[in-house]
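# Fold and contact review
The chain contents come next:
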Amino acid sequence: QVRLEESGGGSVQAGGSLRLSCTLSGGIFSLYVMGWYRQAAGKQRELVAIIADGGGTNYADSVKGRFSISRAHIKHTAYLEMNSLNTEDTAVYYCNAKNIRNYAEEYWGQGTQVTVSS
């Protein structure tokens, strides 16, 4: 059974940085597109960034130029580097893994809170 374990959330002042990590276990890391989503209070969950095994990435317009997604095959871990954070980035961030052979097979992490104060 695939499991995703997240870490790295926390509180930071506007303009600061955080790095989130998501480690996949119980599956073949290269088979999964890794992504980060977020859900702010009272809002729907939205895509932040995704990265394929080959390194191709896609970002939400709101985070382009500020956030960077990467993945380390040896560590089975995906990262989200978040810079120039602002209060609108406050949300619970969720790691996601989608099987490239079957997108219906996907897994979610437990979520990690990111709070940005002004």
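Structure: above.
Okay, the pairing of strand β5 (residues 46-51) next. Here 5 bridges tie strand β4 (residues 32-39) to β5, and the two strands are oriented antiparallel to one another. When the sheet's bridge partners are listed, G35 is paired in β5 with I50. Here β4 hands over to β5 after 6 residues, with G42 in that stretch at a positive phi of 75 degrees. Note that β5 and strand β6 (residues 57-59) share 3 bridges and pair antiparallel. Within the sheet, the bridge partner assigned to I50 lies in β6 and is N58. The hairpin formed by β5 and β6 contains 5 residues between the paired strands, and G55 there has a positive phi angle of roughly 105 degrees.

Let's shift gears to the sheet that holds strand β3 (residues 18-25). Here 4 strands make up an open sheet; going across it, the order is β1-β3-β8-β7 and the pairing antiparallel. Edge positions in the sheet fall to β1 (3-7) and β7 (67-72), since each has one partner strand and no second. On average, adjacent strands in this sheet sit at an angle of 15 degrees to one another, irrespective of strand direction. Pairing between β7 and strand β8 (residues 77-82): 6 bridges, direction antiparallel. By the bridge assignment, S68 is partnered in β8 with E81.

On to the side chain of E6, then. Take E6: it is sitting in strand β1. The buried charged residue E6 lacks any salt bridge partner; its closest oppositely charged side chain belongs to R45, at an N-O distance of 7.9 Å. A distance of 2.6 Å separates a polar atom in the side chain of E6 from the backbone nitrogen of C95. Among the polar contacts listed, one links the side chain of E6 to the backbone nitrogen of T112, at a separation of 3.3 Å. Setting aside anything within four residues of it in sequence, one finds E6 in contact with S21, C22, W36, Y93, Y94, C95, G109, Q110, G111 and T112.

Conventions we followed
- Residues numbered from 1 in each chain as written.
- Predicted model: local features only at pLDDT ≥ 70, side-chain atom pairs only at ≥ 80, totals over all residues.
- Heavy atoms only, no water.
- Pairing = 2+ DSSP bridges.
- Helix = DSSP H or I, 4+ residues; strand = E, 2+ residues; numbered from the N terminus.
- Axes fitted to C-alpha atoms, helices over the stretch in contact; angles between N-to-C directions.
- Buried < 20%, exposed > 50% of the residue type's maximum accessible area, 1.4 Å probe, protein only.
- Lys, Arg positive; Asp, Glu negative; His and termini not counted.
- Salt bridge = Lys/Arg side-chain N within 4 Å of Asp/Glu carboxyl O.
- Polar contact = N/O pair within 3.5 Å; in protein donor to acceptor, adjacent residues only side chain to side chain.
- Contact = heavy atoms within 4.5 Å.

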